[in-house]
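# Chain and residue survey
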Amino acid sequence: MSKLHPQNLVYLIICGAAILVFGLLFILPNATAMSEMDAEIEELQTKIQEQELLNPIYRELIRQAQKKMPGDLPLPQTGKIEQRTLAEINDVFNEMARKSGVLFESAVPDASSYMDESGQLTMSVTFSGDFFQFRELLLDVCKLPYLKSMDEFKLVTEKAVKRLQLKLRLNQG
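Bear in mind the structure is a predicted one, so any value in this text is a computation, not a measurement.

## Things to note about helix α3 (residues 89-100)
In this model α3 runs 17 Å from its N-terminal to its C-terminal C-alpha over 12 residues, within 8% of the 16 Å that 1.5 Å per residue would give. Within α3, the full set of buried residues consists of Ile89, Phe93, Met96, Ala97 and Ser100. Buried residues of α3, seen end-on, are gathered within an arc of 100° and therefore sit on one face of the element. Of the residues in α3, the exposed ones pointing more than 90 degrees away from the buried face are Asp91, Arg98 and Lys99. At the exit of α3 stands Gly101, carrying a positive phi of roughly 85°.

In structure tokens, the structure reads:
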């Protein structure tokens with residue numbers, strides 16, 4: 001191997017230093033910026049996937065919101081629940097649930113309201129099913145002639161099951 005001339009050695013060191021400075025000034029910051037951009041792209045892709053999953057629900061809600069609502073809802077006639085109807089109240093709620101496309105789970109009267117002198121019976125009723133079917137069910141429940149008020153309305157989601165829990169106050173005869 002031939003000996004390097006000192007002037008060539010200086011040029012070689014200067015070129016090496018220039019390549020090192022170029023790498024430190026241009027390549028390293030760009031690599032850091034690229035890794036930050038990759039993280040941002042990954043985050044945006046996750047958000048896009050979430051939006052794609054929620055899009056059908058959003059479209060269904062828009063479609064439901066655009067349905068024509070009846071102008072004036074008729075007020076149901078108020079009356080008192082008969083003992084015969086009270087004994088078959090599970091059948092009444094079961095029929096409403098079947099008609100609305102949901103499942104009737106339970107109707108439990110509050111024992112203390114039996115003893116109450118107010119003439120009203122408090123009852124906890126539970127249904128399960130599709131969220132959008134609960135609307136029809138609620139309209140049917142509100143048409144009950146012996147319904148005094150709906151004191152509590154709770155929608156509970158447990159895994160894939162949606163439950164509607166109502167606390168109803170019925171006029172007792």
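## Quick notes on the nonpolar core
Generally speaking, nonpolar side chains in soluble globular proteins are found buried as a group. Ranked by internal contacts, the top residues of the largest apolar core, which has 22 residues, are Phe93, Met123, Val125, Phe127, Leu137 and Leu168. Elements with a minimum of two residues in this core: α3, β1 (103-109), β2 (120-128), α5 (134-142) and β4 (161-171). Among all residues touching Phe127, those that are not within four sequence positions of it are Phe93, Ala97, Val102, Leu103, Phe104, Glu105, Phe134, Leu137, Lys162, Arg163, Leu164 and Leu166.

## Observations regarding the packing of aromatic side chains
Evaluated as defined, the whole model comprises 5 aromatic pairs. For the pair Phe93 and Phe104, a centre-to-centre distance of 6.2 Å together with 20° between the ring planes defines the contact as stacked. Highlighted residues: Phe93 in helix α3 and Phe104 in strand β1, separated in sequence by 11 residues. Residue classification places Phe93 among the buried residues on the basis of a relative accessible area of 0%.

Calculation notes
- Residues numbered from 1 in each chain as written.
- Predicted model: local features only at pLDDT ≥ 70, side-chain atom pairs only at ≥ 80, totals over all residues.
- Heavy atoms only, no water.
- Helix = DSSP H or I, 4+ residues; strand = E, 2+ residues; numbered from the N terminus.
- Expected span 1.5 Å × (residues − 1).
- Buried < 20%, exposed > 50% of the residue type's maximum accessible area, 1.4 Å probe, protein only.
- Arc of directions from axis to C-beta.
- Core = buried A, V, L, I, M, F, W, Y, C linked by side-chain atoms within 4.5 Å.
- Contact = heavy atoms within 4.5 Å.
- Phe/Tyr/Trp six-rings, centres within 6.5 Å; stacked < 30°, edge-to-face > 60°.

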